[in-house]
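Geometric and topological summary
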Amino acid sequence: SGRRSLTGEGWTATQCGNEVWAWLEAAEEWAKGQGIDLTKYPHRIVALPPNGPCQWSGMGMQGCVRSLAYGGRCAAWLNG
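Turning next to helix α1 (residues 19–33). Taking 1.5 Å per residue, 15 residues should reach 21 Å; α1 reaches 21 Å between its end C-alpha atoms and fits that length. Taken together, the buried residues of α1 touch β1 (43–48), β2 (58–60) and β3 (74–79).

As a further point, take the sheet that holds β2. Sheet architecture is open: three strands sit in the order β1-β3-β2, paired in mixed fashion. This sheet does not close on itself; its edge strands, each paired only once, are β1 and β2. Direction aside, the axes of adjacent strands within the sheet are offset by 10 degrees on average. Both β2 and β3 contribute to a ladder of three bridges, which runs antiparallel. Looking at β3, one finds that Gly-58 is bridged to Leu-78.

Our next topic: the nonpolar core. In terms of nonpolar packing, the biggest core is built from eleven residues, these being Val-20, Trp-21, Trp-23, Leu-24, Val-46, Leu-48, Cys-54, Met-61, Cys-74, Ala-75 and Trp-77. Residue contacts for Leu-48: discarding those within four places in its chain leaves Val-20, Trp-23, Cys-54, Trp-56, Trp-77, Leu-78, Asn-79 and Gly-80.

Bringing the environment of Thr-39 into the picture now. Summarising the element assignment, Thr-39 is placed in the loop between α1 and β1. Linking Thr-39 and Gly-72, residues 33 residues apart in sequence, is a C-alpha distance of 8.7 Å. Here the side chain of Thr-39 touches Asp-37 through a polar contact of 2.5 Å, side chain to side chain.

Mapped onto the secondary structure, Gly-80 falls in the segment after β3. Looking at Gly-80, the relative accessible area reads 68%, which means it is exposed.

Counting across every chain of the model gives one aromatic pair. Relative to Trp-77, the ring of Trp-21 has its centre 5.1 Å away and its plane inclined at 75 degrees; by these criteria the two rings are edge-to-face. With Trp-21 in helix α1 and Trp-77 in strand β3, this pair connects stretches of sequence that are 56 residues apart. Each of the two residues, Trp-21 as well as Trp-77, counts as buried.

Procedures and definitions
- Residues numbered from 1 in each chain as written.
- Predicted model: local features only at pLDDT ≥ 70, side-chain atom pairs only at ≥ 80, totals over all residues.
- Heavy atoms only, no water.
- Helix = DSSP H or I, 4+ residues; strand = E, 2+ residues; numbered from the N terminus.
- Expected span 1.5 Å × (residues − 1).
- Contact = heavy atoms within 4.5 Å.
- Pairing = 2+ DSSP bridges.
- Axes fitted to C-alpha atoms, helices over the stretch in contact; angles between N-to-C directions.
- Core = buried A, V, L, I, M, F, W, Y, C linked by side-chain atoms within 4.5 Å.
- Buried < 20%, exposed > 50% of the residue type's maximum accessible area, 1.4 Å probe, protein only.
- Polar contact = N/O pair within 3.5 Å; in protein donor to acceptor, adjacent residues only side chain to side chain.
- Phe/Tyr/Trp six-rings, centres within 6.5 Å; stacked < 30°, edge-to-face > 60°.

Next comes the structure, spelled out in C-alpha cells:
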C-alpha cells in the first residue's frame, strides 16, 4: 500500500515483521480521524486478523517504558 513503518520500511499485511508497527500506526490514524485524542491513552492493543502471517499468538512491549522512541506509548498485539 506504500505505507511506511516506524523503521521507514514499506509494509504489507502478508508479512509478519515490522508490519506490526504499521498496523498499529494505521489503527492510530483511523482513531485520530474519528476525533479520538490518543494522548489520553498510552496503552495500545492491536488485534490482528485470523489466519494472518504471524505465527505467534501475541506479543507486547515488556515494562511499557514510555519512551520517545515509541511515541510515548506501549503496545500489545493479539494474533487472530
